[in-house]
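Architecture at a glance
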Amino acid sequence: MDQDDRLEQHDATAVADTATTTTNDAQDSDAPWTDPADHDQSDDANDRSLSAPNPLRALASRVRSAIHAVRTIPVPALALLPPLQPVPSPESSTPTLYVHRPRWPRQKNAWASSDPECLVWQAYLQFSGIPYALVLVDADNAAMSPTGRLPFLVTERGRVVALRDRLLRYIATKAHSDEVERAVAEAAQRGTRPTELRVLTPDDLPGPPRALAHLYLALIEADLWPALMYNWWLEPRNGLGAMRLLYAPQKSAWPAALDTLLVAGMRQHVQTDLATRFAGEIPPAEQLYAKAADALAALAERLGDGPYFFGDAPSFLDALCFAALHSILSADFPCDRLRGLVLAHDNLFTYSKNIWNAWFRKCEMSVRPIRRCGVDLWPAAAATTTSASTAAVGSPAASPVVADDASSVA
Amino acid sequence: MGLLLYAWGPLAGPSRRSLPTVDADCLAAVTYLRLANAKFELVEHNDPSLSHTGHLPVLHDETALFHGLDAVLARKSDKAAALDAHLTALHKADRAAVEALLRDQLEPVRQYMWYLDARHTATTHSRFKPLLPLIPRWLHLHSARRAVARKFNAAHRTDWLTHVLAGDRKPTVRPPAAPAAPTPSLNMSLRLSPPAQDDACTWSRADVMHVARALYTTIASILGEHEFLAGGDTPSSLDAVMFGALALHYYPEFPDAESAAPAADADADEGKPAPVAPRDDPPTLAYLLSTEFPTLVAYIDRVYDAARIGEIVVAGASQEEVASRAPVPVDEGLMARVRRFARSDAAHAILSVAAGAALLAGYIGVVRAAEERRVASAVEEVRRVQVERRRAVAERRERELVQEEGGLGADGVEDRPVDHDEAEEEEHAAVVTELLEDEDEGDDDK
């Protein structure tokens, strides 16, 4: 290394006069390189008290020996370290969604994520009927995404959709294509899908319901979602322990102490986003929860008894509302004020439960494993999913690839 | 004493009709109180740190203080109950949603037009000139501009409705491809401060106008054929809140030749609609409203007349009036004062200057420490060499002494150490200069 050479030069000029008294150990190439000052056995070298003790010199020599020790680690062991910037590799022509691994302890469904944002994307994709595959990712591999955060979607052409506006546009264009419409009709006939009706964007609705959709989207985004994020990430009574359970990777090459850093980094992102939304200062918790209570009352009022907000067809508003409610209801944190606020309205609880049962609980999903250096990680998790999924029906060109995956996994 | 409402000062500069305040929340509170027929006095107070929430208005009645628009609307009184008597539960639910829509979508659009549109920033500065002195004005406008820019820049990450409203339209300016690119060394994207989202906004005005058009369509369809929101012929608190936001879209005028809206003919031909083709990039929101949404314009005027906004007298901030009025009930506790100071613009200015000074001092300290270390190590080298030479000289002397004792007498022994000392000092000086020069050359190489 350059640093090493420079330090050696420096040593050489300093001890030029004592070269006659040094031993020749430094010339020996078999033994590890050592500091010639350490082997200096002349009198002046032993009288170190004459020169002021130099801690920097001692530190430098220790660093040099550590670097040399690392050099001697055999190269294959380096493959155990996680790669620096893993890149997702789409293997089939089915769009693939990368989400956080679900970590709710009592959830039997193995693929519905426990992160609210990932759940929104998953619910919206389910409602739209687009056949897709899923990859469950631990939080320490979030660097796969171009924004550094999950969820993100790799389309069938290999493009990465990580931003919300691109996702909305992608689903709007893809879900209107013929093959997806056919798939939706067939799945509804077979019973895999509860209903063939769907409202993709509020623009599909006529005038007054469209305005209502906009209104209540604004309500959830402005009042309910910030309260949810605050309660999960910034509430002092909850602390980081709950988030560590949900996001800290279970099997990672890093020591567990770094998980706290990872989760703290995610919390910093959430705090920045909330500060941006509230133009600088996040309002106090009481105000956030009061607004959330009003928002939940308004949503309960508007929902009534219907299975969805707009008739019998699930829409994006249902996806957002369901994700928020399901996350609130599933969380078992020390401070569960939001859960109490939701449970005060029966119809919200029933609504969330019905959507879960119809669209998530018994539905099948093709879960792909993460491939790293040609090795499948988490083979045990993938074996619990079945290969028969809507993906096989949707695109015939994709089915042999899906089947191969399933067979290699199972 | 009655009710005192502390709000921002009146709207200065060109406007279609006079407005008593320049802020949307304050205007909503004023309209609400007027529609409820409450007797109140509007006091101009241009310092938002008065409020616990950091936003004006603040309502002071005999018993308590209400900070922020939400508290003012939630204050219970007979007149408020009478105002909203005809609202059903569904309407009340819609009111929460309408407030959220206005706060989250309509206000940022208006703020973009005021603070981020290059053509209109001068007018905005002139509107705030009678309200604030130079430095607080500059600080306030700067922080407002930065907040709006950050909100729009982060919209692809934090916002769904903005993109739902934008619909199929591809934005003309793409946001930076990877604003939060992960650090290449570790798998953790740990960042302790937000990335550089400065005043530059990645949204173009055409996109913001597109979102505005979708918003106005939404509001128009909520209004429908009725005179007021909530379906009645009498206004309610819903109308107050909506008017507070919309009036600032429509009434302020921008003295731009392009921005002159073709509204003069509307009175002349009442039967026929104005045949103005909708532009893809209207210059102002008022232009967009007057050309494409006449129902909304009529609604805004209707609420203005119902609340008789034009007759409001703003109690100014002149010295005599301030002296005659009861002192502002400001919390004098230490923590409250600290909090108020921390929210004020002066605190931001002081903090940034102090941070800059601390950074500079730290840098200078680090550079000085490095220099001292270098000099100390050079001096230490010199000392070591000096000690070495002394020992070599001492050994030589011993050897010579041994030889001398073996050969000559002990006479010439005392002379030599003296000579050696002088020679040593010369050598020492030469070595010092040589080593220090070498040190400098070494630095240049690095």
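Rules and cut-offs
Residues numbered from 1 in each chain as written. Chains lettered and ligands numbered in written order. Predicted model: local features only at pLDDT ≥ 70, side-chain atom pairs only at ≥ 80, totals over all residues. Heavy atoms only, no water. UniProt positions renumbered as here; feature names shortened; annotations may be inferred. Helix = DSSP H or I, 4+ residues; strand = E, 2+ residues; numbered from the N terminus. Buried < 20%, exposed > 50% of the residue type's maximum accessible area, 1.4 Å probe, protein only. Salt bridge = Lys/Arg side-chain N within 4 Å of Asp/Glu carboxyl O. Domains from an automatic or database assignment. Buried area = accessible area lost by both parts, 1.4 Å probe. Polar contact = N/O pair within 3.5 Å; in protein donor to acceptor, adjacent residues only side chain to side chain. Nonpolar A, V, L, I, M, F, W, Y, C, P; charged D, E, K, R; others polar. Pairing = 2+ DSSP bridges. Contact = heavy atoms within 4.5 Å. Axes fitted to C-alpha atoms, helices over the stretch in contact; angles between N-to-C directions. 1 Å grid on protein atoms, 1.4 Å probe; cavity = no way out; pocket = protein on both sides within 12 Å on 5 of 7 lines; lining within 4 Å. Points joined across faces, edges and corners; volume = space filled by probe spheres on them. Patch = residues over 30% accessible without salt bridge, like charges linked within 9 Å, V, L, I, M, F, W, Y side chains within 5 Å. Areas by Shrake-Rupley, 256 points an atom, 1.4 Å probe, with all protein chains shown as cover. Lys, Arg positive; Asp, Glu negative; His and termini not counted. Charge placed at Lys NZ, Arg CZ, Asp CG, Glu CD. Core = buried A, V, L, I, M, F, W, Y, C linked by side-chain atoms within 4.5 Å. Expected span 1.5 Å × (residues − 1). Right-handed = clockwise from strand over helix to strand, strands pointing away. Disulfide = S-S within 2.5 Å. Parallel < 35°, antiparallel > 145°, perpendicular 65-115°, else oblique. Left-handed = near helix turned anticlockwise from the far one by under 90°.

Listed under Subcellular location (unreviewed entry) in UniProt, the entry text for chain B is "Mitochondrion outer membrane".

In the annotation of an unreviewed UniProt entry, the entry for chain A reads GST C-terminal domain-containing protein, and the organism field reads Allomyces macrogynus. Chain A has a UniProt comment under Subcellular location (unreviewed entry) that states "Mitochondrion outer membrane". Chain A has a UniProt comment under Sequence similarities (unreviewed entry) that states "Belongs to the metaxin family."

Another point: unusual backbone geometry. Trans is the common state for peptide bonds, and a negative phi is the common state for residues other than glycine. The step from Leu150(A) to Pro151(A) runs through a cis peptide bond, and the omega angle for that step is -5°. Here Pro151(A) shows up in the loop between strand S2 (133-137) and strand S3 (152-154). Here the amide bond leading from Leu56(B) into Pro57(B) is cis, since omega sits at 15°, within 30 degrees of zero. Secondary-structure assignment places Pro57(B) in the loop between strand S2 (40-44) and strand S3 (58-60). For Asn37(B), which is not glycine, the phi torsion reads 60° and is therefore positive. Inspection of the secondary structure assignment puts Asn37(B) in the loop between helix H1 (24-35) and S2. Judged by its relative accessible area of 53%, Asn37(B) is exposed.

Right, let's get into the pattern of salt bridges. Residues and elements named next belong to chain B. What the rule picks out here adds up to 31 salt bridges over all chains. Put simply, Arg-205 and Asp-117 hold a salt bridge, and the shortest N to O gap is 3.1 Å. One end of the pair, Arg-205, is in helix H9 (residues 205-223); the other, Asp-117, is in the loop between helix H4 (89-116) and helix H5 (121-128), and 88 residues separate them in sequence. Take Arg-205: its relative accessible area is 11%, and that puts it in the buried class. Where Arg-213 meets Glu-292, a salt bridge forms, and the shortest distance between an N and an O atom there is 2.9 Å. Taken together, the residues span a long stretch of sequence, with Arg-213 in helix H9 and Glu-292 in helix H12 (residues 285-292) at a distance of 79 residues. Residue classification places Arg-213 among the buried residues on the basis of a relative accessible area of 17%. Glu-292 gets classed as partly exposed once you look at its relative accessible area, which sits at 23%.

So, on to the UniProt feature "transmembrane region" (unreviewed entry) in chain B. The feature "transmembrane region" (unreviewed entry), as given by UniProt, occupies residues 346-366 of chain B in the numbering adopted here. Summarising residues 346-366 of chain B: 100% helix, 0% strand, and an end-to-end C-alpha distance of 30 Å.

With that out of the way, let us pick up the domain arrangement of chain B. A common way to express how large an interface is: the accessible area buried when the components associate. All names here are of chain B. Partitioning chain B into structural domains gives domain 1 (3-175 + 198-259 + 281-328) and domain 2 (331-394). Here domain 1 meets domain 2 over a buried area of about 540 Å², counting both sides, of which 57% is carbon and sulfur. In terms of surface lost to domain 2, no three residues of domain 1 exceed Ser-49, His-52 and Leu-139, which account for 73% of the buried area on that side. Inspection of the domain 1/domain 2 interface yields 0 salt bridges. Summed over the shared surface of domain 1 and domain 2, the result is 0 residue pairs in polar contact (both at pLDDT 80 or more). Classifying every residue of the side of domain 1 that touches domain 2 by side-chain character gives 3 nonpolar, 5 polar and no charged.

Residues and elements named next belong to chain A. Taken in spatial order, the 5 strands line up as S4-S3-S1-S2-S5 in an open sheet, and their pairing is mixed. The open sheet has two edge strands with one neighbour each: strand S4 (160-161) and strand S5 (367-368). Relative to S4, S3 runs antiparallel, the two being bridged by 2 bridges. What sits directly across from Val-154, in S4, is Val-160. Helix-sheet contacts for helix H4 (residues 116-128) involve strand S1 (96-100), S2, S3 and S4, and the interaxial angle to S1 is about 145°.

As a further point, take the UniProt feature "domain: Metaxin glutathione S-transferase" (unreviewed entry) in chain A. Feature annotation in UniProt assigns "domain: Metaxin glutathione S-transferase" (unreviewed entry) to the following positions: residues 292-355 of chain A. Note that residues 292-355 of chain A is 69% helix and 0% strand, and that its end C-alpha atoms are spaced 21 Å apart.

With that out of the way, let us pick up the side chain of Thr158(B). With respect to the helices and strands, Thr158(B) occurs in helix H7 (residues 155-158). Residues within four places of Thr158(B) in sequence aside, it is in contact with Arg164(A), Glu221(A), Asp273(A) and Arg277(A).

For the coordinates displayed, the defined rule picks out 11 cavities of 30 Å³ or more. Roughly 740 Å³ of volume is contained in the largest cavity. If you trace the largest cavity, you find 40 residues lining it, with Glu117(A), Arg149(A), Leu150(A), Val270(A) and Asp273(A) closest to the centre. When contributions to the lining of the largest cavity are tallied by element, the ones reaching two or more residues are H4, helix H7 (207-234) and helix H9 (257-277) of chain A together with H7 of chain B. Counting residues per element, the lining of the largest cavity draws most heavily on H9(A), which supplies 9 residues. Among the residues making up the lining of the largest cavity, the classes are represented as 23 nonpolar, 9 polar and 8 charged.

Now for the sheet that holds strand S4 (residues 65-67) of chain B. All names here are of chain B. Here 5 strands make up an open sheet; going across it, the order is S4-S3-S1-S2-S5 and the pairing mixed. This sheet does not close on itself; its edge strands, each paired only once, are S4 and strand S5 (314-315). Pairing of S3 with S4, which is carried by 3 bridges, proceeds in the antiparallel orientation. Bridge pairing in S4 places His-60 opposite Leu-65. Against the sheet, H1 makes contact with strand S1 (3-7), S2 and S3, and its axis sits at roughly 155° relative to S1, the strand it touches most.

A surface patch of like charges, here positive, comprises Arg157(A), Arg159(A), Arg166(A) and Lys170(B). Along the chain, Arg159(A) falls in the loop between S3 and S4.

Counting residues in hydrophobic clusters, the biggest one holds 211 residues, and the most contacted among them are Tyr216(A), Trp232(A), Trp233(A), Met243(A) and Tyr216(B). Of the residues forming this core, the biggest block, 18 residues, is contributed by H7(A). Aside from chain neighbours lying at most four places away, what touches Trp233(A) is Met243(A), Tyr247(A), Val263(A), Met266(A), Arg267(A) and Val270(A).

Residues and elements named next belong to chain B. Between the first and last C-alpha of helix H13 (residues 294-307) there are 20 Å, a value that for 14 residues agrees with the 20 Å anticipated at 1.5 Å per step. Along H13, the residues that are buried comprise Leu-296, Val-297, Tyr-299, Ile-300, Asp-301, Val-303, Tyr-304 and Ala-307. The secondary structure elements touched by the buried residues of H13 are H1, H9, helix H10 (237-250) and H12. Following H13 by one or two positions, Arg-308 has its phi on the positive side, about 50°.

Our next topic: H12(B). Residue and element names in this part refer to chain B. Within H12, 6 of the 8 residues are buried, which leaves the element mostly enclosed by the surrounding structure. Here H12 has its buried residues at Leu-285, Ala-286, Tyr-287, Leu-288, Leu-289 and Thr-291. Buried residues along H12 sit against H4, H9, H10 and H13.

Residues and elements named next belong to chain A. Of all 5 residues that make up S2, 5 are buried, and the element is covered over most of its length. For S1 and S2, the ladder comprises 5 bridges, and the chain directions are parallel. Considered in S2, the bridge of His-100 is made with Val-137. A crossover connection joins S1 to the parallel S2 through H4; in handedness this β-α-β unit is right-handed. Here S2 pairs with S5 via 2 bridges, running parallel. Bridge pairing links Leu-134 to Val-367 in S5.

Here the focus is the state of the cysteines. Residue and element names in this part refer to chain A. A full pass over the atoms with the stated rule returns 0 disulfides over all chains. Looking at the unpaired Cys-363, the closest cysteine sulfur is the one in Cys-118, lying at 18 Å. For Cys-363, a relative accessible area of 16% gives the class buried.

On to the packing of H7(A) against helix H11 (residues 316-330) of chain A. Residue and element names in this part refer to chain A. As a packed pair, H7 and H11 sit with axes 10 Å apart at the nearest point and diverge in direction by 20°. With respect to H11, the axis of H7 lies roughly parallel. For the element pair H7 and H11, the recorded crossing hand is left-handed. Seen from H7, the contacting residues are Ala-213, Tyr-216, Leu-217, Ile-220, Leu-224, Trp-225, Leu-228 and Trp-232; seen from H11, they are Phe-316, Leu-317, Leu-320, Cys-321, Ala-324, Ser-327 and Ile-328.

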